[in-house]
Amino acid sequence: MRTYLLRKLAIYVLTFVVAVTLNWVLPRLMPGDPIQTMLSRAAVAHPESIAAMRDYYERVFGLDLPLWQQYVNYWGELLRGNLGTSVWLFPAPVSEIIGGAVPYTLAVMLPSILLSWVVGNRIGALAARSRWLDNTVLPVGYVLTAMPYMWLAIVLAWSLGIVAGWFPVAGGYDFTLAPTWTWKFAVDLLQHWFLPFLSLFVVQLGGWAIGMRNLIIYELESDYTNYLDALGAPRRLVRGYAFRNAMLPQVTGLALQLGTIVGGALVTEVVFAYPGLGKLILSAIQNQDYFLLQGALLFIVLGVLVANFVIDLVYVLVDPRTRTGMQGATA
């Protein structure tokens, strides 16, 4: 067990180093000049003032140094927990900006991922043994899976927000309210949260249901289930084994989904103007904010690595073959 964990930890550390390096390189490949963007916002016309401001900003952001030195300084500041200063919202620290956006993204992503995973797997397992449910769930699941996040988000905003008027269609909360620990603000927060959550939940639900339905059918037609049937094992027991084996790929899919769903959250947050991490990344790209983009992507990288490491540990618990392999490797 210890060897297994150390090997996994070494792989994740190496992946983290590569991901952080790419995270530093990719924003600098974007066309444009972030300092010029800041100067344009300042609307200063005097050439000497512009030159002085450019020198000042380049020193503040360390962009006057050679690239290799900027890269070394980035790692040094990162290890001290400093993500730098935002170009777009200067002089706000990147950590504070991300800290304000992360709760919104987590509040939408985690419930939508986990609930769709639980409900989708349960519906898929039921559909595998019910012809009526299979004939209804499968077509609906295909439609939901093929549905783009943005399209569904627009439909929900139009139908439930504009036509029915049940939910607000933009923002994290009403702009006339100030964030306070009151019931009025909490209810308003939930009303703004519901449509982004629903759009992510519905799209993911179909994929989980179809995946589990197909896996269960595959397991029920495998050799070990036929052998158990020949021995006269109760059908409930056979289905239980099939469900447990079918869950393993779904657990892996859950870990991967935690990373890929960020793309869907970005589109959803843009449609609903929801102040989460996805919308923050888009603003960072539009404003060529290297440091904010690095910080936001770093958070995503850490989230994906931690989620995969936790899933690796869960795999050891739910899959006896993994434990057997570890014991064999130790012996």
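Numbering of residues begins from 1 in every chain and follows the order in which that chain's sequence is written. Two thresholds apply to this predicted model, a pLDDT of at least 70 for residue-level local features and 80 or more for giving and counting side-chain atom pairs, whereas whole-chain, interface and lining totals are computed over all residues. No hydrogens and no water enter the side-chain calculation; it runs on all heavy atoms of the structure.

### Some remarks on the overall build of the protein
Each helix and strand in the protein was counted, giving 13 helices and zero strands. Strands here mean DSSP runs of E at least two residues long; helices mean DSSP runs of H or I at least four residues long; both are numbered from the N terminus. Reading the helices (α) and strands (β) of the protein from amino to carboxyl end gives α-α-α-α-α-α-α-α-α-α-α-α-α. With the principal axes as the frame, the protein shows a C-alpha extent of 90 × 60 × 40 Å. Here a residue-residue contact requires only that any non-hydrogen atoms of the pair lie within 4.5 Å. Considering only residue pairs separated by 6 or more positions, the protein has 74% of its internal contacts joining residues 24 or more positions apart. Only the protein chains shown count as cover for residues, with accessible areas throughout obtained via the Shrake-Rupley method and a probe of 1.4 Å. Accessible area of the protein: about 18200 Å², with a carbon and sulfur share of 69%. For the protein, the separation between the mean place of its 20 positive charges and that of its 18 negative charges on side chains is 13 Å. Here Asp and Glu are counted as negative and Lys and Arg as positive; His is not counted, and neither are the chain ends. The atoms used to mark charge sites are NZ of Lys, CZ of Arg, CG of Asp and CD of Glu.

### Digging into the pattern of salt bridges
By salt bridge we mean one thing: a side-chain nitrogen of Lys or Arg within 4 Å of a carboxyl oxygen of Asp or Glu. Applying the stated criterion across every chain, the model contains three salt bridges. In this structure, the salt-bridge partner of Arg80 is Glu77, at a minimum N-O distance of 2.8 Å. The exposure class of Arg80 is exposed, given its relative accessible area of 62%. Taken together, the shared-partner salt bridges connect Asp33, Arg54 and Glu58 into one network. Burial classes: relative accessible area under 20% of the type maximum marks a residue as buried, over 50% as exposed, and values in between as partly exposed (1.4 Å probe, protein chains only).

### Brief notes about the UniProt feature "transmembrane region" (unreviewed entry) in the protein
If you check UniProt for "transmembrane region" (unreviewed entry), the listed places come out as residues 9-26, 97-119, 140-169, 189-210, 254-277 and 297-318 in our numbering. Secondary structure across residues 140-169 divides into 73% helix and 0% strand, with the first and last C-alpha atoms of the span separated by 26 Å. Secondary structure across residues 189-210 divides into 100% helix and 0% strand, with the first and last C-alpha atoms of the span separated by 33 Å. UniProt positions are given in the numbering used here, feature names are shortened, and annotations may be inferred rather than shown by experiment.

### As for the packing of helix α1 (residues 2-28) against helix α4 (residues 67-79)
Each pair of packed helices can be described by the angle between their axes along with the distance between the axes. Where α1 meets α4, the closest approach of the two axes is 12 Å, and the angle between their N-to-C directions is 130°. Classified by the angle between their axes, α1 and α4 sit oblique to one another. Read as a crossing pair, α1 and α4 show a hand that is right-handed. Here α1 contributes Phe16, Val17, Val20, Thr21, Asn23, Trp24 and Arg28 to the contact with α4, which in turn contributes Leu67, Gln70, Tyr71, Tyr74, Trp75 and Leu78. Of the residues contributing to the contact of α1 with α4, the split by class is nine nonpolar, three polar and one charged. Note on method: axes are straight lines fitted to C-alpha atoms, helices fitted across the in-contact stretch only, with angles between N-to-C directions ranging 0 to 180 degrees. Any angle from 65 to 115 degrees is called roughly perpendicular, while one under 35 is roughly parallel, one over 145 is roughly antiparallel, and all others are oblique. The handedness criterion is simple: a crossing whose near helix is rotated anticlockwise from the far helix by less than a right angle is left-handed, and one whose near helix is rotated clockwise is right-handed. We call Asp, Glu, Lys and Arg charged. Ala, Val, Leu, Ile, Met, Phe, Trp, Tyr, Cys and Pro are nonpolar, and the rest, Gly among them, are polar.

### Notes on the packing of aromatic side chains
Between the rings of Phe, Tyr and Trp (Trp by its six-membered ring), a pair exists once the centres lie within 6.5 Å; its type follows the angle of the planes, with under 30 degrees stacked, over 60 edge-to-face, and the other angles tilted. Enumeration according to the criterion identifies twelve aromatic pairs in this entry. With a centroid separation of 5.4 Å and 85° between ring planes, the pair formed by Tyr57 and Phe90 is classed as edge-to-face. Residue Tyr57 is located in helix α3 (residues 47-61), and its partner Phe90 is located in the loop between α4 and α5 (94-127); the two are separated by 33 residues in the primary sequence. Three or more aromatic residues joined by ring pairs make a cluster, and in this case those are Tyr56, Tyr57, Phe61, Phe90 and Phe291.

### Re helix α6 (residues 131-146)
With 16 residues, α6 ought to run about 22 Å at 1.5 Å a step, and its terminal C-alpha atoms sit 23 Å apart, in line with that. Considering only its buried residues, α6 is in contact with α5 and α8 (183-220). Take the number of residues in a helix, subtract one, and multiply by 1.5 Å to get its expected span.

### Let's talk about the packing of α5 against α8
Running from N to C, α5 and α8 point in directions that differ by 35°, and their axes come no closer than 6 Å. Along this stretch, α5 crosses α8, giving a crossing that reads as right-handed. In terms of residue class, the contact of α5 with α8 is built from 22 nonpolar, six polar and one charged.

### A few points about the confidence of the model for the protein
Residues with a pLDDT of 70 or more make up 93% of the protein, whose mean pLDDT is 82. You can read pLDDT as the predictor saying how much it trusts each residue, on a scale of 0 to 100. For the protein, helix α13 (residues 320-330) is the element with the lowest average pLDDT, namely 60, and α4 is the one with the highest, namely 89.

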